[in-house]
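# A structural walkthrough
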Amino acid sequence: MNTASQIEQGTHASERYAQRVNPEWVRLLDLLQMNVHYERCQGAELFTEDGRRILDFLSGYCVHNVGHNHPSVVRALQNELERCGPAMVQTHVASLAGELAEKLCERAGGGLAKVFFASSGSEGVEAAIKFARAHTGRAGILSAEHAFHGLTCGALSLMSDKFWSEGFGPLLKDTAAVPFGDLEALERELKQKKFAAFMVEPIQSEAGVCVPDPEYLRKAEFLCRRYGTLFVLDEVQTGMYRTGPFLSAHRFGVEPAMVIMAKAMSGGLVPCGAVLMSDAVYNSVYSSLPRAFVHTSTFSENSLAMRAALATLEVLESESLGERSIEAGNYLRARLVDALSGLEMVKEVRGEGLLIGIEFQAPRKLRLRLPYQGFAAVHPAMFGQIIVMRLFRDYGFLTQICGNNFMVLKVAPPLVVADAHLDAFVDAVREVVELAHSPGAFWSEALGLARRAFRP
Ligand SMILES: Cc1ncc(COP(=O)(O)O)c(C=O)c1O
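Residues numbered from 1 in each chain as written. Predicted model: local features only at pLDDT ≥ 70, side-chain atom pairs only at ≥ 80, totals over all residues. Heavy atoms only, no water.

### Concerning the overall build of the protein chain
Along its length, the protein chain carries 17 helices and 15 strands. For 456 residues, the compact-globule formula gives about 23 Å, and the C-alpha radius of gyration of the protein chain, at 23 Å, lands near that figure. Each of the three principal axes of the protein chain carries a C-alpha extent, and together these read 70 × 55 × 45 Å. Burial status across the protein chain gives 53% buried among its 456 residues. The contacts in the protein chain between residues at least 6 apart in sequence include a share of 73% that link residues at least 24 apart. (Helix = DSSP H or I, 4+ residues; strand = E, 2+ residues; numbered from the N terminus. Rg over C-alpha atoms; globule rule 2.2 N^0.38 Å. Buried < 20%, exposed > 50% of the residue type's maximum accessible area, 1.4 Å probe, protein only. Contact = heavy atoms within 4.5 Å.)

As structure tokens, then:
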């Protein structure tokens, strides 16, 4: 097929998607000049039908830890399909689920001894809410402000940023949120002894890649034990070696009662999630023969997801991608700090392993403050989106700003990313951010975009 007809097909695909799925999403991608049609994705590289190469520095929000379409995961899935084994028979013992659960628990350690499989992070969060309630006999669920736990009703109830929940209420009662890192506020809530669980991300991703004080999670775990609340970690983004260790919990030396995993579990190819928990928590739900299936889900334990997750674990470990995450993350952060130093709109570069945030701040100099305030007033995400757009369009890097903190650019390439890609990214970010420090093209383009975005 020639390129012209491929492009025509891509345009048709966009139109059909807009007509039948989500027109505003297509409009947004068009505005940001990010509506390209990917033809082939491999490792950290995405190739478009019009011949561009995009480097993925987002990883589908931490899905692609082993890179896109890792050949070993693809082969494992092909073999699984070809063997015509049991898939979703429902009334059988899913042997791959047992094998995967054993491997996950061995790696997670602590008291985590049982697994409930799900097909997404949100479904894992919903399960954790039910399991915590069943175990403690309490209804309340406590979370941290600006958390992201998913968009199903239970998970939404644990997210303080109203953008996500407006118009969808009423949500769960008996929830509360405390500032991340604030142990006094946490203890004040826990003391009421009405919370079944304190659910928290060990590093808050969408809140702006917020890395807590090393003592915070250990003390939070201690307080939870003291007041009879389950300490539950949402490792949907941070798990599967994203920050170095298998779980971020290992970095902080904590032993949660439950851990929720998803995203990178199955190589970015088959939806898969898991809730790891202690025997005691598990037994509160599956407490007798008649209750053996009291919480289940049709696609849970399906053989393609289990096979993909087993193959993904094997790749992560045989290629030492946890070590790679630490080494590449340290290198990238150091280079970014160096390259962005002295630029007044850069507040901080932070993160662990290859989960990195670059935080921006409003400029102090009057000549920049006026245009900045102008379009921050249009929409608070405007500044970050222009950075994302320029990185994509002008330099071929896919990134995004954090969902609950628009002033933080999330940097999370696949753990297989090459050093040369890291260096090229540093140069690109420096050039885009430098451009934002001079009154001119960056700001006039941004204002044009704002006008187009809000045109009825
Ligand atoms: C930390 C965290 N928890 C839970 C979820 C929800 O996962 P899913 O989108 O698979 O439902 C997300 C999604 O981005 C997440 O980042």
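### Let's talk about a nonpolar patch on the surface
Among the surface-exposed residues, Tyr17, Val21, Trp25 and Leu28 lie close enough to one another that they form a single nonpolar patch of about 380 Å² accessible area. Within the secondary structure, Leu28 sits in helix H2 (residues 23–31). (Patch = residues over 30% accessible without salt bridge, like charges linked within 9 Å, V, L, I, M, F, W, Y side chains within 5 Å. Areas by Shrake-Rupley, 256 points an atom, 1.4 Å probe, with all protein chains shown as cover. Salt bridge = Lys/Arg side-chain N within 4 Å of Asp/Glu carboxyl O.)

### Digging into the pattern of salt bridges
Following the criterion strictly, the structure yields 24 salt bridges and no others. Between Glu359 and Lys347 there is a salt bridge; the shortest N-O distance is 3.9 Å. Remark: Lys347 occurs in strand E11 (residues 346–352) and Glu359 occurs in strand E12 (residues 355–360); sequence separation between them is 12 residues. Within this structure, Lys347, Glu348, Arg350 and Glu359 form a network of salt bridges that share partners.

### Quick word on helix H5 (residues 95–108)
Since one α-helical turn is 3.6 residues long, residues separated by three or four positions face the same way. Taking 1.5 Å per residue, 14 residues should reach 20 Å; H5 reaches 20 Å between its end C-alpha atoms and fits that length. For H5, the complete set of buried residues consists of Leu96, Ala97, Leu100, Ala101, Leu104, Cys105 and Ala108. The arc that holds every buried residue of H5, seen down its axis, measures 155°, which confines them to one face. Of the residues in H5, the exposed ones pointing more than 90 degrees away from the buried face are Ser95, Glu102 and Glu106. In the core, the buried residues of H5 are packed alongside helix H4 (71–82), strand E4 (114–118), helix H10 (248–252), strand E10 (273–277) and helix H12 (303–318). Remark: Gly109 follows H5 within two positions and exhibits a positive phi of approximately 70°. (Expected span 1.5 Å × (residues − 1). Arc of directions from axis to C-beta.)

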